[in-house]
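Here is how the chains run, residue by residue.
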Amino acid sequence: MGKDGDKGERGAGGDRKMFVGVVWNCATELKILLTALLVLCSIATLLQFLPPRFSLSSSDLRLCISRISPPLSPSPSLPSLSFFSSPSPAAAPPALSPPPPPPDADREQVLEGGVVKRAFNPYGSAAYSFITMGSYRGGLNTFAVVGLASKPLHVYAKPSYQCRWVPHPNSTFTSVSTAVATKILPDWGYGRVYTVVVVNCTFPDPVVNPDNSGGKLLLLASTSGGSDRKFNFTDTIEVLAEPPGSLDLSIFSSRPKYDYLYCGSPLYGNLSPQRVREWMAYHVRLFGGRSHFVIHDAGGIHEEVLEVLRPWMELGYVTLQDVRDQERFDGYYHNQFMVVNDCLHRHKFATKWMFFFDVDEFIYVPPKNTLRSVLDSLSDYTQITIEQMPMSNKLCFVDGAGAGRTYRKWGFEKLVYRDVKRGIRRDRKYAVQPRSVYATGVHMSQNLKGRTNHKTERRIKYFHYHGTIAERREPCRNLVNTTDLIFDKVPYVLDTTMRDVAGAVKRFELKTIGDRLQRTRQ
């Protein structure tokens, strides 16, 4: 054992000598490595003390390097560097012209009598003059432009609009037509930085683009001194272009493609796929085969919700529009008024009736009636409003089968307690015959031609399950078995109206799209 110990000591000493030898032979490389690490750590430390607005881009670095070092030129004495140089160097880019000098700023002046005239110099822009979303024909000689505009400009000034039709160069009608535009502000003052504007352009000519040779519509948006009384800024915006041969005048007089079309408000947040599934199946069954649903995605159509919509999109029932970019502009409630007005004018001639309500609301017509029979009886009205049936979003009815069976039911099948508190003005939703509507709102339109019927309670109503669409969890917070109760100081009564149609809706979904959505989660 002593020999083994001597051998171990000799082996350990040899390893130490070998390590020292390696370090000694690589001393130069280690010095370079340690120096580089020290420099990098120093730079990282200095960056912590730079002001927050300081930024250094790659273009800044190139500019600094170009000022302190001349461009490299290939040297015949260094052939080894030719590997890194391009075999055929490109010509140097042309020098950019310097930017125009800024306008001379006004200076203070001392006037006669010692009066100091102060100077005010404007910079930047607080809000855009106009932001377009869509422009559409409203008839033979009328157009609608939907967009946003600066709210302070419209509240405290009088901006004006003018429309101009410029024929295609090959058109037989070469004269430019001009029309004074009418603006509509349909958001009831709810706007924030931006407000919604619908501009109507009606030209004196009987038909604009009569030979179908094409042309373009220009919108002239003038501040009329609203942003600066010294100037009248006018932006000329091309809002619509009609290629030659693209105009189909028959759409203004022919039967619309759909009987009923749904214009949805922008959807946002973490929506429940199961609630969307129930809403789609219910309303496709109610509206029938000649119907269509326009869904606007403001960030709420995540992948699981898209999977619920996809079967109905494949069957042609749903059009999904991505409107997430409107979030750049600070308007009311994800620019809801702009989105619904765009939908109105975009599909104005595609449907007989157009509905406006939310995805936590369910339209209902009494038994022995159909949606067609109800709306046919109201066809003399341009607009009808629909009464709300507010339902609890927490109280669920549990029967003798127990809570497990209740949890497996659909939302509107188990949320069966209706709020019956009196003396509250409930929001209404509505439907219009869009060909006679110029602009629209969220709860009704105030810009239309024709009559409105508000007394539709016995013919049509809607059940409202407030907030359930935005919760990805089981909606039943309280299980009860009674016909009436007071919960959170609100009286409720048992109302099984929607529960009674749930079975038919489930069978309709299974028959129409199969079982592909059976595993949909909350």
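Conventions we followed
- Residues numbered from 1 in each chain as written.
- Predicted model: local features only at pLDDT ≥ 70, side-chain atom pairs only at ≥ 80, totals over all residues.
- Heavy atoms only, no water.
- Axes fitted to C-alpha atoms, helices over the stretch in contact; angles between N-to-C directions.
- Helix = DSSP H or I, 4+ residues; strand = E, 2+ residues; numbered from the N terminus.
- Parallel < 35°, antiparallel > 145°, perpendicular 65-115°, else oblique.
- Left-handed = near helix turned anticlockwise from the far one by under 90°.
- Contact = heavy atoms within 4.5 Å.
- Nonpolar A, V, L, I, M, F, W, Y, C, P; charged D, E, K, R; others polar.
- Core = buried A, V, L, I, M, F, W, Y, C linked by side-chain atoms within 4.5 Å.
- Buried < 20%, exposed > 50% of the residue type's maximum accessible area, 1.4 Å probe, protein only.
- Salt bridge = Lys/Arg side-chain N within 4 Å of Asp/Glu carboxyl O.
- Pairing = 2+ DSSP bridges.
- Patch = residues over 30% accessible without salt bridge, like charges linked within 9 Å, V, L, I, M, F, W, Y side chains within 5 Å.
- Areas by Shrake-Rupley, 256 points an atom, 1.4 Å probe, with all protein chains shown as cover.
- Expected span 1.5 Å × (residues − 1).
- Polar contact = N/O pair within 3.5 Å; in protein donor to acceptor, adjacent residues only side chain to side chain.
- Phe/Tyr/Trp six-rings, centres within 6.5 Å; stacked < 30°, edge-to-face > 60°.
- Lys NZ or Arg CZ within 6 Å of the ring centre and 35° of its normal.

Colleague: Outline the packing of helix α5 (residues 273–287) against helix α6 (residues 303–314), listing residues and values.
Modeller: Closest axis-to-axis distance for the α5/α6 pair is 8 Å, and the angle between their directions is 20°. Taken as axis vectors, α5 and α6 run roughly parallel relative to one another. As α5 packs across α6, the resulting crossing turns out to be right-handed. Along its contact with α5, which presents P273, V276, R277, M280, A281 and V284, the element α6 presents E304, V305, V308, L309 and W312. In terms of residue class, the contact of α5 with α6 is made up of nine nonpolar, no polar and two charged.

Colleague: Which residues make up the nonpolar core, and what are the values?
Modeller: A general tendency of soluble globular proteins is for nonpolar side chains to be buried together. Ranked by internal contacts, the top residues of the largest apolar core, which has 55 residues, are M280, F287, F355 and F412. Take this core: its biggest share by element is eight residues, from α5. The contact partners of M280, leaving out residues within four places of it in the chain, are F293, L309, W312 and V318. In this structure, F130, F143, A181 and C201 belong to the second largest nonpolar core, which totals 20 residues.

Colleague: Explain the pattern of salt bridges to me, using residue names and the numbers behind them.
Modeller: Taken as a whole, this structure holds 22 salt bridges when the rule is applied. In this structure, K429 and D358 form a salt bridge, with 3.0 Å as the shortest nitrogen-oxygen distance. With K429 in strand β19 (residues 429–432) and D358 in the loop between β14 (351–356) and β15 (361–364), the pair connects residues that are 71 residues apart, well separated along the chain. Residue class for K429 comes out buried when judged on its relative accessible area of 2%. A relative accessible area of 24% means that D358 is categorised as partly exposed. Residue D495 pairs with R418 through a salt bridge whose shortest N-O separation is 2.8 Å. Taken together, the residues span a long stretch of sequence, with D495 in the loop between β26 (490–494) and α11 (502–513) and R418 in strand β18 (residues 417–419) at a distance of 77 residues. Under the relative-accessibility criterion, R418 is labelled partly exposed at 23%. Ionic contacts of the salt-bridge type, sharing partners, join the residues R255, D259, R290 and R372 into one network.

Colleague: Outline the sheet that holds β26, supporting the account with residue identities and numerical values.
Modeller: Strands sit in the order β18-β26-β25 across an open sheet of three strands; the sheet is antiparallel. The outermost strands of the open sheet, each flanked by one partner alone, are β18 and β25 (484–487). Adjacent strand axes in the sheet meet at a mean angle of 35°, parallel and antiparallel pairs treated alike. Of the pairings in the sheet, the one linking β18 to β26 comprises three bridges and is antiparallel in character. Note on β26: the bridge partner recorded for D419 is Y492.

Colleague: How would you sum up a nonpolar patch on the surface? Please name residues and give values.
Modeller: Taken together, the side chains of L33, L34, L37 and L40 define a hydrophobic patch exposed on the protein surface, amounting to about 410 Å² of accessible area. Topologically, L34 is positioned in helix α2 (residues 27–47).

Colleague: Mind laying out the sheet that holds strand β9 (residues 215–222), listing which residues take part and the relevant values?
Modeller: Pairing within the open sheet is antiparallel, and its four strands lie in the order β6-β5-β9-β10. The open sheet terminates on both sides in strands that have one partner only, identified here as β6 (177–180) and β10 (234–242). Adjacent strand axes in the sheet meet at a mean angle of 20°, parallel and antiparallel pairs treated alike. Relative to β10, β9 runs antiparallel, the two being bridged by eight bridges. By the bridge assignment, A221 is partnered in β10 with D235.

Colleague: Tell me about unusual backbone geometry, and name the residues and values.
Modeller: The backbone phi angle of Y333 is positive, close to 50°, even though this residue is not glycine. For N335, which is not a glycine, the phi torsion comes out positive at approximately 55°. Along the chain, N335 falls in the loop between β13 (318–322) and α7 (336–346). A residue is classified by how much of its surface remains accessible, and N335, at 2% relative accessible area, is buried.

Colleague: Quick one: what's the story with α6, residue by residue and with numbers?
Modeller: The end-to-end C-alpha separation of α6 is 16 Å, in line with the 16 Å expected for twelve residues at 1.5 Å each. Of all the residues in α6, the buried ones are V305, L306, V308, L309, P311 and W312. On its buried face, α6 is in contact with α5, β13 and α11. At the exit of α6 stands G316, carrying a positive phi of roughly 85°.

Colleague: Would you mind going over the side chain of N209 in detail, with residue names and values included?
Modeller: Along the chain, N209 falls in the loop between β8 (194–202) and β9. Of the polar contacts made by the side chain of N209, one reaches the backbone nitrogen of G214; its length is 3.1 Å. Reaching out from N209, the side chain makes a polar contact with the side chain of E242 at a distance of 3.0 Å. The residues contacting N209, other than those within four sequence positions of it, are R137, W165, G214, E242 and L247.

Colleague: Describe the packing of aromatic side chains, naming the residues involved and giving the relevant values.
Modeller: The description of an aromatic ring pair uses the distance of the two centres, along with the angle that the planes make with each other. Throughout the structure, instances matching the rule amount to 32 aromatic pairs. Considering the side-chain rings of Y332 and Y333, the 5.8 Å spacing of their centres and the 35° angle between planes classify their relative orientation as tilted. For Y333, a relative accessible area of 42% puts it in the partly exposed group. Ring centres of Y364 and F463 lie 5.8 Å apart, and the angle between their planes is 85°; on these two criteria the pair is classed as edge-to-face. Of this pair, Y364 sits in strand β15 while F463 sits in strand β23 (residues 461–464); the two residues are 99 residues apart in sequence, bridging distant segments of the chain. Assessed through its relative accessible area of 1%, F463 is described here as buried. By the ring-pair criterion, three or more aromatic residues cluster together here, those being Y260, Y262, W279, F287, F293, F355 and F357. Sitting over the face of the ring of Y381, R451 holds its NZ or CZ atom 4.4 Å from the ring centroid.

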